[in-house]
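Observations on the three-dimensional arrangement
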Amino acid sequence: MFSKETYVSRRSELKRRVKSGLILLFGNNEAPCNYPANAYYPFRQDSTFLYYFGQNRDGLVGVIDVDNDRETLVGDDIDIEDIVWYGSVDDVATMAAQVGVEHTAPMKALKQMCDEARAKGRTIHFLPPYRHDTKIQIMDLLGIHPAEQAGAVSHTLRMAVIDMRSVKTAEEIEELERAAAIGYQMHTTAMRLVRPGVTEKYIGGQVDGMAHSLGAHESFATIFSQHGEIMHGNPSLAVLEAGRLALCDAGAETVNNYCSDHTRTMPVSGRYTQRQLDIYTIVEECHDLALSVARPGVKWMDVHFAVCRRMTERLKELGLMRGDVDEAVAAGAHAMFLPHGLGHMMGMDVHDMEGLGQIYVGFDEETRPNLEQFGTNCLRMGRRLQEGFVVTDEPGIYFIPALIDDWRASGHCAEFLNFDLLETYKDFGGIRIEDDVLITADGCRFLGKDRIPYHPAEVEEFMNQ
C-alpha cells in the first residue's frame, strides 16, 4: 500500500474529472474453485479499486459522492468464525482511515445509498464488470440486467480512470522496477534449468515458485513451451528435446499489485543452430528497433508497423517473403509470422486496464486498428506515447503449421509468401523477445536494473556457465 496521501490525491483528481454523480468502485470477492470453502484461486482485488482505495480485502465497495464531496468505504467487519479460520484483520473503519476515507457503512446500506441517488435522478457511475457476482450485485442495486450493463457503463468514469492510470508516477515506477527484478529471477531460473530431458511442467513450476518465494506471484499464467508458435502455450508434461527451442513468457506481480512481463526464447541444447539464429537475430533487431524510436508523441501504431516492415525486409533476405515491403505489410502478409501487436500497456494489470475496454485503453480516434485484417485486429496498443506510459516491446516470429496450410490453401497473400520454403519450417516453433519499457521525457528505457540475457551470445553464455 502507498501512503494515505496518494489515495486521497487520486480520489480528489477523479472527482475533478467526473464532476458530478455517485461513483461506485466494486472490489472483488473470493472465487472458490470447486466448493465454497476451497479458495484455491488466490484472491486478487480489482485493480481500479486498489488504485483509489488501496485495500486488499474481499467484500468491499468504494463509494464517492462527487456532488457532496463524501467518500465511503462500504463493507462488513469479519466475524469470529472467520477469525478462527483465517486470523484477525483490520476492521472497515481502520482500513478506511489508512487510505484517508472518513466514512464507512455496512454492505446492506449500499442499496439505500443507490436508491436515494436514483430517486433524485443523479447519475450513478460504474465501470465494466467482469465477474458474475459483481454483475448480480449491480442488478440488485440498480435494476440493470447483466446483459444490459455494458451499455450502462459510465464512459466519463471509464475515460477518467484510463487517463489517470495510464501515466505512472514515481512510486508506481518503483513498484514496476521491483516486479521487473523478480521477473529477472524467474527467467534466469528457467535459463539455468533448460536442458534435454527436463519437463516443461518442472521448469514452469520452478519459475512460478521463484515468484512466490520472493513474496510475489505470477502476473499471469506462465507460458513455457517448446511449441513457441502457440501464443499461450502453458507448460505440459512434454520432455525438452535436444535441438529445439523453449519459449518462456512469465512475469511477477508484487505485493502492491504491480506487474512485469518478459519473454525469452532459449535453445534446449544450450546453443542456437544456424537456422534458429537466422530467425532469432531478426526478432532481436526488431526488438531493439522499437527501443530506438519509441518516445513521447510517437504513435505506438507507427512503431508497430516500423517493426513489421523491418521484419519483412529481413524475411525477404531469407527467401521466406517476397515482393514490395510496403505492399506486403499493407496486405497483412507479415501476420503469417507476427499475428499479434508489438505490445500492450502494463501496470497494475499485466494487460493494463484491458477490462475497461481495449479500444479505449490502447487507442484514440487517430489510431483505431483495422479490425477486419488478421493480425492488425489483435493490436492492443496504438495511441500516441506519453511520458510515464509503460508498454511491452514483444516482437516475435512464429511458424504455425495450421496457419501455413490455411493461407496456402486459400492463396492468401501468395504473392508475398514463399509457401514451399515455409513448409520446411513447420517444425521450427516460435521466437519472441519481450521487455517492459518506460517512456521517458526524451525516449524510453527498460524497466529493471538487471537485464535478462537476450542477445544470442549472452543467452548461450549464461546457459552454459
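Located above this text is the structure these notes cover.
If you're wondering where the values come from, they're calculated on a predicted model, not measured in any experiment. (Residues numbered from 1 in each chain as written. Predicted model: local features only at pLDDT ≥ 70, side-chain atom pairs only at ≥ 80, totals over all residues. Heavy atoms only, no water.)

**A few points about the overall build of the protein**
Counted only if it meets this: The numbering of helices and of strands both runs from the N terminus, where a helix is a DSSP run of H or I of at least 4 residues and a strand a run of E of at least 2. For the radius of gyration, the atoms used are the C-alpha atoms, and the globule rule reads 2.2 Å times the number of residues raised to 0.38. Whether a residue is buried, partly exposed or exposed follows from its accessible area with a 1.4 Å probe, protein chains only, as a fraction of its type maximum: under 20%, in between, or over 50%, in that order. A contact between two residues is defined here by any heavy atoms of the two lying within 4.5 Å.
Scanning the protein from terminus to terminus reveals 17 helices and 15 strands. Against the compact-globule benchmark of 23 Å for 465 residues, the protein has a radius of gyration of 24 Å, which places it among compact chains. Taking the principal axes of the C-alpha coordinates as reference, the protein spans close to 70 × 50 × 45 Å. Expressed as a percentage of the 465 residues in the protein, the buried residues total 54%. Nonlocal contacts in the protein, meaning residues at least 24 apart in sequence, comprise 73% of its contacts between residues at least 6 apart.

**Looking at the pattern of salt bridges**
Here is the rule we go by: We define a salt bridge as a contact between a side-chain nitrogen of Lys or Arg and a carboxyl oxygen of Asp or Glu at a distance within 4 Å.
All chains considered together, the criterion is met by 36 salt bridges. Residue aspartate 115 is joined to lysine 111 by a salt bridge in which the shortest nitrogen-to-oxygen separation is 2.8 Å. Placement of both aspartate 115 and lysine 111 in helix H5 (residues 109-119) is noted, with a separation of 4 residues, approximately one turn of the helix. On the basis of relative accessible area, lysine 111 is assigned to the partly exposed category, the value being 32%.

**Quick notes on the side chain of threonine 440**
Note that threonine 440 resides in the loop between strand S14 (435-439) and strand S15 (444-446). Those residues in contact with threonine 440 that lie beyond four places of it in its chain are Pro296, Glu387 and Arg445.

**Here we look at the pairing of S14**
Heads up, the rule is: When DSSP finds at least two bridges between two strands, those strands are taken to pair.
Within S14, 5 of the 5 residues are buried, which leaves it mostly tucked inside the rest of the structure. Of the two faces of S14, both are covered, the one formed by Asp435, Val437 and Ile439 as well as the one formed by Asp436 and Leu438. Pairing of strand S11 (residues 390-393) with S14, which is carried by 4 bridges, proceeds in the antiparallel orientation. Counterpart to valine 390 in the pairing with S14 is leucine 438. Inspection of the sheet shows S14 paired to S15 by 3 bridges, in the antiparallel sense. Paired with valine 437 across the two strands is phenylalanine 446, which belongs to S15. Hairpin connection between S14 and S15: a loop of 4 residues separates the two successive antiparallel strands.

**Side note on the packing of aromatic side chains**
Geometry of an aromatic ring pair is reported as the spacing of the ring centres plus the angle between the planes. How we decide: Ring pairs shown here join Phe, Tyr and Trp side chains whose ring centres sit within 6.5 Å, with only the six-membered ring taken for Trp; geometry is labelled stacked below 30 degrees between planes, edge-to-face above 60, and tilted in between. We count a charge as sitting over a ring when the NZ of a lysine or the CZ of an arginine lies within 6 Å of the ring centre and within 35 degrees of the ring normal.
In total, this model carries 10 aromatic pairs according to the counting rule given. Where tyrosine 272 meets tyrosine 280, the ring centres are 4.9 Å apart and the plane angle is 50 degrees; that geometry is what we call tilted. The pair formed by tyrosine 272 and tyrosine 280 is uniform in burial state, with each residue classed as buried. Seen from their ring centres, phenylalanine 446 and tyrosine 454 are 6.4 Å apart, and the 75 degrees between their planes marks the pair as edge-to-face. Judged by its relative accessible area of 5%, tyrosine 454 falls in the buried class. Just above the ring of tyrosine 425 sits the side chain of arginine 275; from NZ or CZ to the centre is 4.7 Å.

**Topic: the sheet that holds strand S8 (residues 245-250)**
So the rule is basically this: Where helices are involved, their axes are fitted lines through C-alpha atoms of the stretch in contact, as for all axes, and angles between N-to-C directions lie from 0 to 180°.
The 3 strands lie next to each other as S7-S8-S10, forming an open sheet whose pairing is antiparallel. In this open sheet, the two strands that pair with only one neighbour each are strand S7 (223-225) and strand S10 (262-267). With strand direction ignored, the average angle separating the axes of adjacent strands in the sheet is 10 degrees. The pairing of S8 with S10 spans 6 bridges and is antiparallel. Residue pairing across strands places aspartate 249 opposite threonine 263, the latter belonging to S10. Those strands touched by helix H9 (residues 170-193) are S7, S8 and S10, and its axis lies near 15 degrees from that of S10.

**Observations concerning the sheet that holds strand S4 (residues 103-105)**
Whenever strands of a sheet pair, they do so through backbone hydrogen bonds, lying parallel or antiparallel. Spatially, the 5 strands line up as an open sheet ordered S4-S3-S2-S1-S5, and their pairing is mixed. Looking along the sheet, the strands with just one partner apiece sit at the ends: S4 and strand S5 (124-125). Strand direction decides the pairing type here: strand S2 (residues 60-65) and strand S3 (residues 70-75), joined by 6 bridges, are antiparallel. Looking at S3, one finds that aspartate 65 is bridged to arginine 70.

**With respect to the environment of arginine 295**
Structurally, the position occupied by arginine 295 is in the loop between helix H11 (274-293) and helix H12 (300-317). Considered as a pair, arginine 295 and leucine 141 are 154 residues apart in the sequence and their alpha carbons are 44 Å apart. Not counting residues within four places of it along the chain, the set of residues in contact with arginine 295 comprises Leu385, Ile439, Asp442 and Gly443.

**Thoughts on H12**
Here is the rule we go by: Here the expected span of a helix is defined as 1.5 Å times the quantity of residues minus one.
Over its 18 residues, H12 extends 26 Å from the first C-alpha to the last, a length consistent with the 26 Å expected when each residue adds 1.5 Å. Looking at the buried residues of H12, the elements they touch are H11, helix H13 (325-331), S11 and strand S12 (396-398). Once H12 finishes, glycine 319 follows within two positions and takes phi at roughly 85 degrees, a positive value.

**Notes on H5**
Heads up, the condition is: The directions considered for the arc run from the helix axis to the C-beta atoms.
Restricting attention to buried positions, one finds in H5 the residues Leu110, Cys114 and Ala117. End-on view of H5: buried residues confined to an arc of 60 degrees, all on one side of the axis. In this fold, the buried residues of H5 make contact with strand S1 (22-26), S2, S3, S5 and helix H6 (132-142). With its phi angle positive at about 70 degrees, glycine 121 sits one or two positions after the end of H5.

**Here's the deal with the pairing of S10**
Most of S10 sits inside the fold, with 6 of its 6 residues counted as buried. Because side chains alternate across S10, one face comprises the buried residues His262, Arg264 and Met266, and the other comprises Thr263, Thr265 and Pro267, equally buried.

**Focus: the nonpolar core**
Applied cut-off: Definition used in this section: a nonpolar core is a set of buried Ala, Val, Leu, Ile, Met, Phe, Trp, Tyr and Cys residues joined via side-chain atoms within 4.5 Å.
Formed by 123 residues in total, the largest nonpolar core has its most connected members in Leu14 and Phe337. Residue contributions to this core peak at 9 residues, all from H9. Once residues lying within four places of it in the same chain are set aside, the contact partners of phenylalanine 337 are Leu315, Leu320, Met321, Gly396, Ile397, Tyr398, Phe399, Leu417 and Leu422. Among the nonpolar cores identified, the runner-up in size contains 17 residues, and Ile124, Ile138, Leu141 and Ile144 belong to it.

Taken by themselves, the reported measurements are silent on function.
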